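# Per-entry structural report
Spelled out, the chains give:
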Amino acid sequence: MEPQNDPAIISGQRPLILGSASPRRREILRELGIPVRILPPEVPEPVLPGDTPASFLQRVVEDKITAVLAALTPGELYSCALAADTIVLIDGEILGKPVDSAAAVRLLSKLVGRTHEVQTRYALSGPGLRPLRRTVCSQVTLRSATVEEITRYAETGEGLDKAGAYAVQGMGTFLVESIQGSYTNVVGLPACELVRDLKDLGVLPRFPL
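Predicted model only: the values in this text are computed from it and were never measured. For every chain, the first residue of its written sequence is number 1, and the numbers climb from 1 along that sequence. In view of the model being predicted, local features appear only for residues whose pLDDT reaches at least 70, and side-chain atom pairs are presented and counted only at 80 or more, with totals across whole chains, interfaces and linings using the full set of residues. For the side-chain quantities, the full set of heavy atoms in the structure was used; hydrogens and water were omitted.

### A few points about helix α1 (residues 23-31)
- Looking only at α1, the buried set comprises Arg24, Arg25, Ile28 and Leu29. Taken around the axis of α1, the buried residues stretch over an arc of 135°, which confines them to a single face. With respect to the buried face of α1, the exposed residues turned more than 90 degrees away are Arg30 and Glu31.
- In this description, contact between two residues means that some pair of their heavy atoms is separated by no more than 4.5 Å. Only DSSP runs of H or I reaching four residues or more are called helices, and only runs of E reaching two or more are called strands; each is numbered from the N terminus. Its buried side turned inward, α1 meets β1 (16-18), β2 (36-38), β3 (80-90), α5 (183-187) and α6 (191-201). A 1.4 Å probe rolled over the protein chains alone gives each residue an accessible area, and that area as a share of the maximum for its type sets the label: buried under 20%, exposed over 50%, partly exposed in between. As used here, the arc is the angular range of directions from the helix axis to the C-beta atoms.

The following block contains the structure:
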């Protein structure tokens, strides 16, 4: 077996490849000062019959990281690739992104006045790296809300591209009573765990950069 190359340290010349179009994940990495190149994959995310939350996340994230690595130009300089997916769970049901404001109202009606779980799974792969996968869970409690509040919020459109139909980092924070666990996990990428894993893999030996 040929020896693996040493992992390449993240830098401006060898950035982290972010396999996501999410502006929230991009902003988390920007705030961490990690050089990033955006390369979002086109991967369908249907919930299949028999899917559990764990099997759904595993399949979607593996499909995403595989697509990202396949889209890289041969010989392209980079340190590692990152793909992730976030789901909202209530009563064992995976809540996806609403297709319109009416669907957003239906999703929010299931969440207000209750505690739900947010899970983000991410994958890290790259030259000289052992593939790393991690799922991080947080508990979010939304306060009770009137139908009018829910409807007016849904009609702002803020939650239309977000699982569970709300943005914890935006106007939707007016509903958030408490969070147990990682806040950035609820936003879409658990910063604490990610930095620790990048350090452990050797691609981020010194932090902050």
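### A word on helix α2 (residues 53-71)
- The end-to-end C-alpha distance of α2, which contains 19 residues, comes to 27 Å, matching closely the 27 Å that a straight helix rising 1.5 Å per residue would cover.
- Among all positions in α2, only Pro53, Phe56, Leu57, Val60, Val61, Lys64, Ile65 and Val68 are buried. One face of α2 carries all of its buried residues, which in axial projection span an arc of 145°.
- On the buried face of α2, the contacting elements are β1, β3, β4 (93-95), β5 (115-125) and β6 (132-142). Each residue after the first adds 1.5 Å to the expected span of a helix.

### Section: the pattern of salt bridges
- What counts as a salt bridge is simple: a side-chain nitrogen of Lys or Arg found within 4 Å of a carboxyl oxygen of Asp or Glu. Under the counting rule described, the total for this entry stands at twelve salt bridges.
- Of the charged contacts, one joins Arg134 and Asp197 as a salt bridge, the two residues approaching to 2.7 Å between their closest N and O atoms. Of the two residues, Arg134 sits in strand β6 while Asp197 sits in helix α6, which places them 63 residues apart along the sequence.
- With a shortest N-O distance of 2.9 Å, Arg143 and Glu149 are connected by a salt bridge.
- A relative accessible area of 25% places Arg143 in the partly exposed class.
- Where salt bridges share partners, they join Arg24, Asp161 and Lys162 into one cluster.

### Digging into the pairing of β3
- Counting buried positions along β3 yields eleven of eleven residues, so the element is predominantly enclosed.
- Of the two faces of β3, both are covered, the one formed by Cys80, Leu82, Ala84, Thr86, Val88 and Ile90 as well as the one formed by Ala81, Ala83, Asp85, Ile87 and Leu89.
- What makes two strands pair is DSSP finding at least two bridges between them. Pairing geometry for β3 and β5, over nine bridges, is antiparallel. Opposite Asp85, over in β5, you have Arg121 as the bridge partner.
- In this sheet, β4 lies alongside β3 in antiparallel orientation, the contact comprising three bridges. The partner of Val88 across the bridge, within β4, is Leu95.
- In this structure, the hairpin formed by β3 and β4 is closed by a connection of two residues, where Asp91 is found at a positive phi of approximately 55°.

### Here we look at the environment of Gly12
- Here Gly12 is to be found in the segment before β1.
- Residues Gly12 and Val168, 156 residues apart in the sequence, show an inter-C-alpha distance of 30 Å.

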